[in-house]
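A look at the structure
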Amino acid sequence: DEDHALVARARDLFLALRESSEAEGWLPEDAMEEHPVAALITATMCVGPKLVGPLNGGRWPPEMESCAFTIVRLKRARSYLDDALRAAESCQEEKLIPATLLGPVVVNLTDLARDIDPLIAELRDRLG
């Protein structure tokens, strides 16, 4: 089974972000989980798994009985994207990641969020 495109994009973004952080040394070894770079990586890591259940392997749109549960899971993924975007803003303010590298991360996070929103709206319409 192939991953849904949004799942694959979220996973690829996390892997690229983690690799860049390790290669560029963005995260000090003694950093707490509240460190903006750690928060960015952690929130981004959580997006893909939250999308797997509602998007991988099932039919779209889901059965009516599953719509509300699917909305909850999509909203949780969306919430992690919001957390990642806030962390990215902190990284920018504190100049922890070069803007040339952080910019594409922010664009990808924003694009993922924008692509999840219509799925949530579609399911809400079905339930409406």
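Conventions and cut-offs
Residues numbered from 1 in each chain as written. Predicted model: local features only at pLDDT ≥ 70, side-chain atom pairs only at ≥ 80, totals over all residues. Heavy atoms only, no water. Core = buried A, V, L, I, M, F, W, Y, C linked by side-chain atoms within 4.5 Å. Buried < 20%, exposed > 50% of the residue type's maximum accessible area, 1.4 Å probe, protein only. Helix = DSSP H or I, 4+ residues; strand = E, 2+ residues; numbered from the N terminus. Contact = heavy atoms within 4.5 Å. Axes fitted to C-alpha atoms, helices over the stretch in contact; angles between N-to-C directions. Parallel < 35°, antiparallel > 145°, perpendicular 65-115°, else oblique. Left-handed = near helix turned anticlockwise from the far one by under 90°. Nonpolar A, V, L, I, M, F, W, Y, C, P; charged D, E, K, R; others polar.

Quick look at the nonpolar core now. Of all hydrophobic cores here, the largest spans 35 residues; its most connected members are Leu40, Leu51, Leu74 and Ile116. Those elements that place two or more of their residues in this core are helix H1 (5-24), helix H2 (36-55), helix H3 (64-93) and helix H4 (99-127). Contact partners of leucine 74, with chain neighbours within four places excluded, come to Leu51, Pro54, Leu55, Trp60, Ile116, Leu119, Ile120 and Leu123.

The next thing to look at is the side chain of histidine 35. Tracing the sequence through the fold places histidine 35 in the loop between H1 and H2. Assessed through its relative accessible area of 17%, histidine 35 is described here as buried. The residues touching histidine 35, leaving out its near neighbours within four places in the chain, are Trp26, Leu27, Pro28 and Leu96.

Positionally, glycine 128 belongs in the segment after H4. Sequence spacing of glycine 128 and leucine 13 is 115 residues, and the spatial spacing of their C-alpha atoms is 34 Å.

One way to put it is that H3 packs onto H4 with a least axis distance of 9 Å and a crossing angle of 160°. Classified by the angle between their axes, H3 and H4 sit roughly antiparallel to one another. The way H3 lies across H4 gives a crossing that is left-handed. Looking at side-chain class alone, the contact of H3 with H4 contains 21 nonpolar, three polar and five charged residues.

Just distances and angles here, no functional claims.
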